[in-house]
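# A structural walkthrough
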Amino acid sequence: MGKIGKRLKAAQAAFEGKHDLTVEDAVELIKANASSKFDESVEIAMNLGVDPRHADQMVRGTVNLPNGTGKTVRVAVFARGPKADEAKEAGADIVGAEDLMETVQGGTIEFDRCIATPDMMPIVGRLGKVLGPRNLMPNPKIGTVTMDVAEAVKSAKGGQVQFRVEKAGIIHAGIGKASFSADKLAENIRAFVEAVSRAKPAGAKGTYLKKVSLSSTMGPGVSVSLDSATGN
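Anyway, here's the lowdown on the structure attached to this text. (Residues numbered from 1 in each chain as written. Predicted model: local features only at pLDDT ≥ 70, side-chain atom pairs only at ≥ 80, totals over all residues. Heavy atoms only, no water.)

The antiparallel open sheet is built from four strands, whose spatial order is 7-1-8-9. Each edge of the open sheet carries a strand with a single partner, namely strand 7 (170-177) and strand 9 (221-224). Averaged over all pairs of adjacent strands, the angle between their axes in this sheet comes to 25°, without regard to strand direction. Of the strand pairs in this sheet, strand 1 (residues 41-48) and strand 7 are connected by six bridges, and their pairing is antiparallel. Paired with Ile 44 across the bridge in strand 7 is Ala 173. In the packing of helix 8 (residues 182-198) onto the sheet, contacts are made with strand 1, strand 7 and strand 8 (209-216), and the angle to strand 7 comes to roughly 155°. (Pairing = 2+ DSSP bridges. Helix = DSSP H or I, 4+ residues; strand = E, 2+ residues; numbered from the N terminus. Axes fitted to C-alpha atoms, helices over the stretch in contact; angles between N-to-C directions. Contact = heavy atoms within 4.5 Å.)

If you want it as structure tokens, here you go:
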């Protein structure tokens, strides 16, 4: 096992014994200990009372964070003709049809979000084994299969975050940067928690929101009071 660096030791000491903090206190703690040479992301993990192996307990959706994520999102759009032009004008980084499919099939995936017009889905469908495991497959339920490609591109570029529960019933997402003000991070966190709360599936039984934790890219995690996270 590798040695723990001084910076991480100091952070662990600062976090020791602290749990169920308010969102504001947790954010201040994370910001004070995010001392890497790069601007660390602030990440949220939510433990949910669901079993995503059952279709009626799947949790999936999107949220437009009020203060963005601080990340540059590269967007690819599968479209033709006027819709391709709309996507380019809206700021899409890559636009194409069969040519883009061939590029992706060849192993080149230079984008973080993939959008498609409905008529492109027979082409995009051939990429399921490539895009699916990377959570890049366009889906009408989260607004990435749409005729309004311009709005979808703008949302993706403007801080929209997709979320999907993992096998263990956990959702992970980046909700900002350590350089953000504490107020902006707190606002993003509560917006994200609210969106996941609204996405509660019909098949969820018992306690839905079990635990919320925050961390920075290189730092320890700390649990947050559910009442504070939900604004109660």
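Under the definition given, this model contains seven salt bridges. The residue Arg 74 makes a salt bridge to Asp 112 at a minimum N-O spacing of 3.1 Å. Of this pair, Arg 74 sits in the loop between strand 2 (60-64) and strand 3 (75-78) while Asp 112 is found in the loop between helix 4 (98-105) and strand 5 (113-116), placing the two residues 38 residues apart along the sequence. For the salt bridge of Arg 80 with Glu 98, the shortest nitrogen-to-oxygen distance reads 2.4 Å. (Salt bridge = Lys/Arg side-chain N within 4 Å of Asp/Glu carboxyl O.)

Quick look at the pairing of strand 6 (residues 160-164) now. Of all the five residues making up strand 6, four are buried; the element is thus mostly covered by neighbouring parts of the structure. Note: strand 2 against strand 6, five bridges, orientation antiparallel. Of the residues in strand 6, the one forming a bridge with Arg 60 is Arg 164. (Buried < 20%, exposed > 50% of the residue type's maximum accessible area, 1.4 Å probe, protein only.)

Glancing now at the environment of Gly 81. Within the element layout of this structure, Gly 81 appears in helix 3 (residues 81-90). What makes Gly 81 partly exposed here is its relative accessible area of 41%. Remark: the alpha-carbon pair of Gly 81 and Gly 96, spanning 15 residues in sequence, is separated by 9.8 Å.

In a regular helix each residue adds 1.5 Å, so 17 residues correspond to 24 Å; helix 8 covers 24 Å between its end C-alpha atoms and thus fits that length. Among all positions of helix 8, only Ala 182, Leu 185, Ala 186, Asn 188, Ile 189, Ala 191, Phe 192, Val 193, Ala 195 and Val 196 are buried. (Expected span 1.5 Å × (residues − 1).)

Further remarks concern the packing of helix 3 against helix 7 (residues 149-157). The axes of two packed helices give the description: the angle between them and the distance between them. At their nearest, the axes of helix 3 and helix 7 sit 8 Å apart, and the two run at 25° to each other. Classified by the angle their axes make, helix 3 and helix 7 are roughly parallel. Note on packing geometry: the crossing formed by helix 3 with helix 7 is right-handed. Along its contact with helix 3, which presents Lys 83, Glu 86, Ala 87 and Ala 90, the element helix 7 presents Val 149, Ala 150, Val 153 and Lys 154. Grouping the constituent residues of the contact of helix 3 with helix 7 by class yields five nonpolar, no polar and three charged. (Parallel < 35°, antiparallel > 145°, perpendicular 65-115°, else oblique. Left-handed = near helix turned anticlockwise from the far one by under 90°. Nonpolar A, V, L, I, M, F, W, Y, C, P; charged D, E, K, R; others polar.)

If you trace the three strands from one edge of the open sheet to the other, you get 4-3-5, paired in parallel fashion. Of all strands in the sheet, those bounded by a partner on one side alone are strand 4 (94-96) and strand 5. Strand after strand, the sheet turns through a mean of 15° between neighbouring axes, direction not considered. Sheet topology note: the strand 3/strand 4 ladder contains three bridges and is parallel. Across the sheet, residue Ala 76 finds its bridge partner in strand 4, namely Ile 94. Strands strand 3 and strand 5 of the sheet are contacted by helix 7, whose axis makes an angle of about 165° with strand 3.

Structural measurements only, silent on function.
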